[in-house]
Amino acid sequence: MTSSAQPQPCSLDPVNLAGWRWAPFLEHAVEALQPFEPVAYPIDATFLRREGVAGSKAQPVAVCTATWGCGTEKLRQVRAACVEAGSAASVLNFVANPCSGFDLPFFGADLVTLPSGHLIALDLQPALKTDQRHTAPVWERLLPIWEQWQKVLPSGGPIPAEAEPYFSPGFLWTRLPLGTDGDALIENAVFPAFVAYLDLYLQLVAEAQPVSDERRQELLAGQRSYVAYRAEKDPARGMLGRFHGKEWTEAYIHGVLFDL
Ligand code: DBV
């Protein structure tokens, strides 16, 4: 036995970030995925855990970005990007990318805490927004859940028009204040909404049947367009660049976060 070999972190290892506000959300998702027999998604060690420093010279803030990822029979890649930077930022960006051989949407969650407040986005996002065969079976089950939770959460305001092709009418979008009011809404509305969106998504995954080769090509084209959009417009690009450098950030966005 050699004592010099360090255990290599694996993408299925739990993300352990001290003080990270979104831990219960990722813990729930990892638990909910277990019946689907997840296997580790290959992620280079430089992206599994990356430390950095933010803030000013006088008041530096320790930053850590960690990545969790898995694949299942019907999900090509499920990954969580987790950022903990104390008062500067706390983020969980969680996306499930289905295999193109199943007619499934994406699951997307963007849970972001910044000094200006919380920003929350949750959706089951279409690969082919104008294709009713793809959207109708999802939207009819998603809309009642969206109504239930959006009505207790303030609207997040306008979102970029160019994002329109990539989100559903069940896009849950809110901005909440820091402090006890925001905390209560995260616990009593955002968390149960996250659980309900993911529960519906995993029901759709369980029910999904393989599609024809022709359909697979259509779905793949839609998925490529979605992933290219998300990579190009990633709103975290500036923040990650400041924390970890431009080169690492571009490799992370294109090679891990949006890698189709
Ligand atoms: N967003 C990501 C990834 C993140 C991430 C991979 C690793 O896609 C975090 C982290 N989102 C993140 C951060 C911010 C936002 C904002 C750090 C704040 C950026 C800032 O203010 O500096 C939903 N997320 C946003 C915004 C929207 C979304 C609309 C505001 C953008 C803005 O104000 O310019 N997420 C976004 C979206 C979809 C989604 C449109 C669906 C298509 O899932």
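On a predicted model such as this, the values are computed, not experimentally measured, just so you know. (Residues numbered from 1 in each chain as written. Predicted model: local features only at pLDDT ≥ 70, side-chain atom pairs only at ≥ 80, totals over all residues. Heavy atoms only, no water.)

**Student:** Tell me what's going on with the overall build of the protein chain, and back it up with residues and numbers.
**Tutor:** Secondary structure summary: the protein chain contains 7 helices and 8 strands in total. The dimensions of the protein chain, computed from C-alpha atoms along their principal axes, are 55 × 50 × 30 Å. Across the protein chain, every contact between residues at least 6 apart in sequence was considered, and the portion connecting residues at least 24 apart equals 66%. Total accessible area on the protein chain is roughly 12600 Å²; 56% of this is exposed by carbon and sulfur atoms. Taking the average place of the 20 positive charges on the side chains of the protein chain and the average place of its 29 negative ones, the gap between the two points comes to 6 Å. (Helix = DSSP H or I, 4+ residues; strand = E, 2+ residues; numbered from the N terminus. Contact = heavy atoms within 4.5 Å. Areas by Shrake-Rupley, 256 points an atom, 1.4 Å probe, with all protein chains shown as cover. Lys, Arg positive; Asp, Glu negative; His and termini not counted. Charge placed at Lys NZ, Arg CZ, Asp CG, Glu CD.)

**Student:** Can you break down the pattern of salt bridges residue by residue, with the values?
**Tutor:** Oppositely charged side chains may form a pair once their charged atoms are brought near each other. Applying the stated criterion across every chain, the model contains 11 salt bridges. Residue Glu164 pairs with Lys129 through a salt bridge whose shortest N-O separation is 3.0 Å. One end of the pair, Glu164, is in the loop between helix H3 (132-150) and strand S8 (172-176); the other, Lys129, is in the loop between strand S7 (117-125) and H3, with 35 residues separating them in the sequence. Classification of Glu164 by relative accessible area gives partly exposed; the value is 42%. (Salt bridge = Lys/Arg side-chain N within 4 Å of Asp/Glu carboxyl O. Buried < 20%, exposed > 50% of the residue type's maximum accessible area, 1.4 Å probe, protein only.)

**Student:** Explain the site of the ligand to me, using residue names and the numbers behind them.
**Tutor:** Around the ligand lies a shell of 19 residues, among which Asn93, Asp110, Gln125, Arg230 and Asp234 are the nearest. Between the ligand and Asn93, the relevant distance is 3.3 Å, taken from an oxygen atom to a side-chain nitrogen or oxygen of the residue. Between Asp234 and the ligand, the recorded distance is 3.5 Å, taken from a side-chain N or O atom to an oxygen atom. Contact with the protein chains removes 80% of the 860 Å² of surface that the ligand exposes when unbound. Listing elements by their share of the shell around the ligand, those giving two or more residues are strand S4 (75-84), strand S5 (90-98), strand S6 (106-114) and S7. By residue class, the composition of the shell around the ligand is 13 nonpolar, 2 polar and 4 charged. (Near = heavy atom within 4 Å. Polar contact = N/O pair within 3.5 Å; in protein donor to acceptor, adjacent residues only side chain to side chain. Nonpolar A, V, L, I, M, F, W, Y, C, P; charged D, E, K, R; others polar.)

**Student:** Please provide a residue-by-residue account of the packing of aromatic side chains, values included.
**Tutor:** Applying the stated criterion across every chain yields a total of 15 aromatic pairs. Judged by centre distance (5.0 Å) and plane angle (90°), the rings of Phe25 and Phe191 are edge-to-face. With a gap of 166 residues between them, Phe25 in helix H1 (residues 23-33) and Phe191 in helix H4 (residues 180-207) connect regions that are remote in the sequence. Taking relative accessible area as the criterion, Phe191 reaches 27% and is therefore assigned partly exposed. Between Phe171 and Trp173 the ring centres are 5.9 Å apart and the planes differ by 20°, which places this aromatic pair in the stacked class. For Phe171, a relative accessible area of 16% corresponds to the buried category. Relative accessible area serves as the criterion here: at 12%, Trp173 is assigned to the buried category. Following the ring pairs from residue to residue traces out a cluster consisting of Trp22, Phe25, Phe94, Phe107, Phe191, Phe194 and Tyr201. Over the aromatic face of Phe258 sits the side chain of Arg79, whose NZ or CZ is 5.1 Å from the ring centroid. (Phe/Tyr/Trp six-rings, centres within 6.5 Å; stacked < 30°, edge-to-face > 60°. Lys NZ or Arg CZ within 6 Å of the ring centre and 35° of its normal.)

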